[in-house]
Amino acid sequence: MKGELKSTKHIGLTLGIVSGLFHAIWALLVGLGVGQTLIDVILPLHFIDVIVGIGNFNILGALWLIVLAFVGGFIVGWLIGEVWNFVVKRVK
């Protein structure tokens, strides 16, 4: 059907990989010791005035962060694909 997505799994994988990659980059920045500096620059740019402290780097915590971000991204991407296909089939 025109407009229908071929595979909702591909959308899930794409969003999961992107989400996991962003969180892997964040974990790397924290590991390199620049996480706090980055937060100190970004939050005021969004008019956010809170005291936030970035904790110490933990490799197991970083791996969990990346895995959970991937899983969450996959689920959200898959759901978006399913909703998209549902709407395309119903709207003619």
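What this report covers is the structure whose coordinates are included nearby.

Conventions used here
- Counting restarts for each chain, with residues numbered from 1 along the sequence as it is written.
- Local features are withheld for residues below a pLDDT of 70 in this predicted model, meaning they are given only at 70 or higher, and side-chain atom pairs are given and counted only at 80 or more; totals for whole chains, interfaces and linings count all residues.
- Heavy atoms from the whole structure form the basis of all side-chain values; hydrogens and water molecules are not counted.
- Secondary structure follows DSSP: runs of H or I at least 4 residues long count as helices, runs of E at least 2 residues long count as strands, and numbering of each begins at the N terminus.
- Just to be clear, the radius of gyration here is over C-alpha atoms, and the globule rule we use is 2.2 Å times residues to the power 0.38.
- Three exposure classes are used, based on accessible area relative to the maximum for each residue type with a 1.4 Å probe and protein chains only: buried under 20%, partly exposed in between, and exposed over 50%.
- Residues are treated as being in contact if the distance between any of their heavy atoms lies within 4.5 Å.
- The Shrake-Rupley method, run with a 1.4 Å probe sphere, supplies the accessible areas, and residue values consider only the shown protein chains as cover.
- One fewer than the residue count of a helix, multiplied by 1.5 Å, yields its expected span.
- Pairing of N or O atoms within 3.5 Å defines a polar contact, subject to two protein rules: one partner must be a possible hydrogen donor and the other a possible acceptor, and residues neighboring in sequence count only if both atoms are side-chain atoms.
- For patch detection, residues must exceed 30% relative accessible area and be free of salt bridges, and they are connected within 9 Å for like charges or within 5 Å for nonpolar side chains (Val, Leu, Ile, Met, Phe, Trp, Tyr).
- By definition here, a salt bridge exists when the distance from a side-chain nitrogen of Lys or Arg to a carboxyl oxygen of Asp or Glu is within 4 Å.

1. Structural notes on the overall build of the chain
- The number of helices and strands found in the chain is three helices and zero strands.
- Reading the chain from its N terminus to its C terminus gives the helix and strand order α-α-α.
- For 92 residues, the compact-globule estimate of 2.2 N^0.38 gives 12 Å, and the C-alpha radius of gyration of the chain, at 18 Å, exceeds that figure by more than 25%.
- For the C-alpha atoms alone, the extent of the chain along its principal axes is close to 50 × 30 × 15 Å.
- Here the chain, with 92 residues, has 18% of them falling under the buried criterion.
- Across the chain, the fraction of contacts at a sequence separation of at least 24, relative to all contacts at a separation of at least 6, is 78%.
- Summed over its atoms, the accessible surface of the chain is roughly 7100 Å², and 74% of this surface lies on carbon and sulfur atoms.

2. What about helix α3 (residues 59-90)?
- Spanning 32 residues, α3 covers 47 Å between terminal C-alpha atoms, matching the ideal 46 Å at 1.5 Å per step.
- Buried residues along α3 sit against α1 (8-31).
- Put simply, N58 is the residue that caps the front of α3, since its side-chain oxygen is 2.8 Å from the backbone nitrogen of L60.

3. Observations regarding a nonpolar patch on the surface
- Taken together, the side chains of L13, I17, W64, V67, L68, F70, V71, I75, W78 and L79 define a hydrophobic patch exposed on the protein surface, amounting to about 920 Å² of accessible area.
- For the nonpolar patch, the secondary-structure elements that each account for two or more residues are α1 and α3.
- The greatest single-element share of the nonpolar patch, amounting to eight residues, is contributed by α3.
- Its location among the elements puts V71 in helix α3.

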